[in-house]
Amino acid sequence: MIAEDQSIAYSNVVSKEYFFHYSEMENVIKDLLSEIAKAHLTIKGPMFYALKNIPKDENMYIELFMPVHEDKIPSSESLTFRSYYYVDEMLMKRFTGNYENLTEFVYAELFQYMVDNNLNLASPIYHIFGGDESIQYVDVKISVFSEE
């Protein structure tokens, strides 16, 4: 089921952009966490990213985000800081299970919903990691608008 009228709203967010082969995602996450640790920041979470390309060649261009407790960060060449990060008018689909296999199906379902409801894409595709030790899930969100 696709949820409407969703948003992303976090305060004190650091981010870093990456271009990499999708199989290197774990290393990219480790890199961001390392940068956060070097800056002596305290993670608030959840981690999320914006997919900024269509990875036809299996290479992804993303901006990886992490909310932190601090309301300012030391000067950094690699990390970008935002006091607030907000996107609204979003569709959302949540899924659990095999991330690599299910992502394409979730994208297809969201894009078909857009076609069926005369909606246009207004943002990158966001992936928000959630859950706990017992169950982990991913929320896939896209901002949309109607020309009507």
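In what follows, the accompanying structure is described. Every value quoted in this text rests on a predicted model; they were computed, and no experiment measured them.

**A short note on the pattern of salt bridges**
Okay, so step 1: Under the counting rule described, the total for this entry stands at 8 salt bridges.
Okay, so step 2: For Glu17, the salt bridge identified is with Lys52, shortest N-O distance 2.8 Å. Taken together, the residues Glu17 in strand E1 (residues 3-21) and Lys52 in the loop between strand E2 (48-51) and strand E3 (59-67) connect sequence positions 35 residues apart.
Okay, so step 3: You can call Glu17 partly exposed: its relative accessible area is 41%.
Okay, so step 4: Measuring nitrogen to oxygen at the nearest pair gives 3.4 Å for the salt bridge that ties Lys30 to Glu26. Of the two residues, Lys30 and Glu26 are both situated in helix H1 (residues 25-38); the distance of 4 residues between them amounts to about one turn of the helix.
Okay, so step 5: We classify Lys30 as partly exposed; its relative accessible area is 48%.
Okay, so step 6: Linked through salt bridges whose partners overlap, the residues forming this network are Glu17, Lys52, Glu63 and Arg82.

**Examining the nonpolar core**
Okay, so step 1: Among the nonpolar cores identified, the biggest contains 31 residues, and Leu32, Ile62, Leu64, Leu91 and Val140 are the most heavily contacted of them.
Okay, so step 2: If you list the elements that add at least two residues to this core, you get E1, H1, E2, E3, strand E4 (80-95), helix H2 (99-116) and strand E7 (136-145).
Okay, so step 3: In this structure, Leu32 is in contact with Lys16, Tyr18, Met47, Leu64, Phe65, Met66 and Leu79, ignoring residues within four places of it in sequence.
Okay, so step 4: If you look at the next biggest cluster of nonpolar residues, it comprises 10 residues, including Ala50, Tyr85, Val87 and Ile128.

**Notes on H1**
Okay, so step 1: A rise of 1.5 Å per residue sets the reference length of H1, with its 14 residues, at 20 Å; its end C-alpha atoms lie 20 Å apart and thus fit the reference within 8%.
Okay, so step 2: All of the buried residues along H1 are Met25, Val28, Leu32, Glu35 and Ile36. End-on, the buried residues of H1 take up no more than an arc of 100°, which puts them together on one face. For H1, exposure combined with an orientation more than 90 degrees from the buried face picks out Glu26 and Lys38.
Okay, so step 3: Among the structural elements, E1, E2, E3 and strand E6 (125-131) are those in contact with the buried residues of H1.

**With respect to H2**
Okay, so step 1: When the terminal C-alpha atoms of H2 are compared, their 25 Å separation across 18 residues agrees well with the 26 Å that a helix rising 1.5 Å per residue should span.
Okay, so step 2: All of the buried residues in H2 are Thr103, Val106, Tyr107, Leu110 and Met114. Taken around the axis of H2, the buried residues stretch over an arc of 105°, which confines them to a single face. Those residues of H2 that are exposed and aimed more than 90 degrees away from the buried face are Glu104, Phe105, Val115 and Asp116.
Okay, so step 3: Close packing links the buried residues of H2 with E2, E4, strand E5 (120-121), E6 and E7.
Okay, so step 4: Asn118, located one to two residues past H2, shows a positive phi value of around 50°.

Procedures and definitions
- Counting restarts for each chain, with residues numbered from 1 along the sequence as it is written.
- Reporting of local features is limited, given that this is a predicted model, to residues whose pLDDT is at least 70; pairs of side-chain atoms are given and counted only at 80 or more, and all residues count toward the totals for whole chains, interfaces and linings.
- Hydrogens and waters are ignored; side-chain quantities use all the structure's heavy atoms.
- Salt bridge, as used here: a side-chain nitrogen of Lys or Arg that lies within 4 Å of a carboxyl oxygen of Asp or Glu.
- Helix and strand definitions follow DSSP, with helices as H or I runs of at least four residues and strands as E runs of at least two, each counted in order from the N terminus.
- For every residue, the accessible area (1.4 Å probe, protein chains only) is compared with the maximum for its type, and the residue is labelled buried under 20%, exposed over 50%, or partly exposed between those bounds.
- For our purposes a nonpolar core is just a set of buried Ala, Val, Leu, Ile, Met, Phe, Trp, Tyr and Cys residues, chained together by side-chain atoms within 4.5 Å.
- The contact definition used throughout considers only heavy atoms, calling two residues in contact when any of these lie within 4.5 Å.
- Expected span of a helix, by definition, is 1.5 Å for each gap between consecutive residues, and there is one gap fewer than residues.
- This arc corresponds to the set of directions leading from the helix axis out to the C-beta atoms.

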